[in-house]
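Below are the chains, spelled out letter by letter.
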Amino acid sequence: LVAARVGHVVPRVAARAPWRADCLVQALAARAWLAREGIASRLELGARSAPGEPFATHAWLSAGGEVIVGGDVSGYGRFVAAGEAPR
């Protein structure tokens, strides 16, 4: 329930922030919020590259095997994952 609320609120607040709040900023904010609630999470970084398309990187946050912040990550190959947040 808390993770779902975080996943709902963080992107909406980021869209209204008067500063750049891209995927990495959102994932870090969500990770801090979940850690305060004692919920373990995993910060993940990935990239995608397809012929004719520019190289793209992305950050997302997962908890309990579900993406909390970061949207559809199916096209990204994960290359870094920060360990679970302490409980």
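Residues numbered from 1 in each chain as written. Predicted model: local features only at pLDDT ≥ 70, side-chain atom pairs only at ≥ 80, totals over all residues. Heavy atoms only, no water.

Once that is clear, we can look at the overall build of the protein. When helices and strands are tallied, the protein shows two helices and four strands. Expected size for 87 residues packed as a compact globule is a radius of gyration near 12 Å; at 13 Å, the protein falls within 12% of this value. Based on the C-alpha atoms only, the size of the protein along its principal axes is roughly 45 × 30 × 20 Å. When the 87 residues of the protein are sorted by exposure, 34% land in the buried category. In the structure as shown, the protein presents an accessible area of about 5500 Å², 57% of it carried by carbon and sulfur atoms. Counting 10 positive and 7 negative side-chain charges, the protein places the averaged centre of each group 6 Å from the other. (Helix = DSSP H or I, 4+ residues; strand = E, 2+ residues; numbered from the N terminus. Rg over C-alpha atoms; globule rule 2.2 N^0.38 Å. Buried < 20%, exposed > 50% of the residue type's maximum accessible area, 1.4 Å probe, protein only. Areas by Shrake-Rupley, 256 points an atom, 1.4 Å probe, with all protein chains shown as cover. Lys, Arg positive; Asp, Glu negative; His and termini not counted. Charge placed at Lys NZ, Arg CZ, Asp CG, Glu CD.)

Along the chain, F55 falls in the loop between β1 (42-48) and β2 (56-63). Assessed through its relative accessible area of 59%, F55 is described here as exposed. Sequence-wise, F55 and A14 are 41 residues apart; in three dimensions their C-alpha atoms are separated by 24 Å. Every residue in contact with F55, bar those within four places of it in the chain, is listed here: A47, R48 and S49. (Contact = heavy atoms within 4.5 Å.)

Below, the discussion takes up the pattern of salt bridges. As enumerated under the stated definition, the model contains two salt bridges in all. A salt bridge links D22 to R20, with the nearest nitrogen and oxygen atoms 2.7 Å apart. Taking the relative accessible area as the measure of exposure, R20 reaches 66% and is therefore exposed. Notably, a salt bridge pairs E44 with R78, separated by 3.0 Å at the nearest N-O pair. With a gap of 34 residues between them, E44 in strand β1 and R78 in strand β4 (residues 77-82) connect regions that are remote in the sequence. (Salt bridge = Lys/Arg side-chain N within 4 Å of Asp/Glu carboxyl O.)

For a regular strand, side chains alternate in direction, first toward one face of the sheet and then toward the other. Judged from the three bridges that link them, β2 and strand β3 (residues 66-69) form a sheet pairing that is antiparallel. Bridge pairing in β3 places A63 opposite E66. Here β2 folds back onto β3 in antiparallel fashion, the turn holding two residues, of which G64 has a positive phi close to 60 degrees. (Pairing = 2+ DSSP bridges.)

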